[in-house]
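# Summary of structural features
Spelled out, the chains give:
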Amino acid sequence: MPRKVQKKDYKSLLENFKKKIQDNDMLSNNALLAQQLRDFERMSDMNDNLWDSIQTDGYTSINEKTGVPVVNPAVAAFNKNASTLLKTAQWIEEKTKAISFNEESKSW
């Protein structure tokens, strides 16, 4: 039986990142960081849509040809996307800390 997935609140994490970045001139002018934030927001929206699909269609369905239960493909996509979101969040967190820490010397 597949493990049940759980929804995480990536929107609040995104808002925290945006606030932290907007409060720092060096961070707010970083193009790579801005692109990662856009990607994070896009993936967060995608994960919300996948979650809605999982809630609507369920975790499994019955294959019409074989009669065997199969896992909803949205579950795998949701898990893969969640993994990418966590990696992106970790990257953003590390870069914002590094830039903030080294702000006096303006190095990254």
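Residues numbered from 1 in each chain as written. Predicted model: local features only at pLDDT ≥ 70, side-chain atom pairs only at ≥ 80, totals over all residues. Heavy atoms only, no water.

Considering all chains together, one arrives at four salt bridges under this definition. Note that Asp45 and Lys11 form a salt bridge whose closest N and O atoms lie 2.0 Å from each other. Here the residue Asp45 occupies a position in helix α3 (residues 31-57), and Lys11 occupies one in helix α1 (residues 10-22), the gap between them amounting to 34 residues. Of the residues examined, Asp45 reaches a relative accessible area of 34% and is grouped as partly exposed. Owing to a relative accessible area of 28%, Lys11 belongs among the partly exposed residues under this scheme. As a salt-bridge pair, Glu93 and Lys20 come within 3.1 Å of each other at their nearest N and O atoms. With Glu93 in helix α4 (residues 73-101) and Lys20 in helix α1, the pair connects residues that are 73 residues apart, well separated along the chain. (Salt bridge = Lys/Arg side-chain N within 4 Å of Asp/Glu carboxyl O. Helix = DSSP H or I, 4+ residues; strand = E, 2+ residues; numbered from the N terminus. Buried < 20%, exposed > 50% of the residue type's maximum accessible area, 1.4 Å probe, protein only.)

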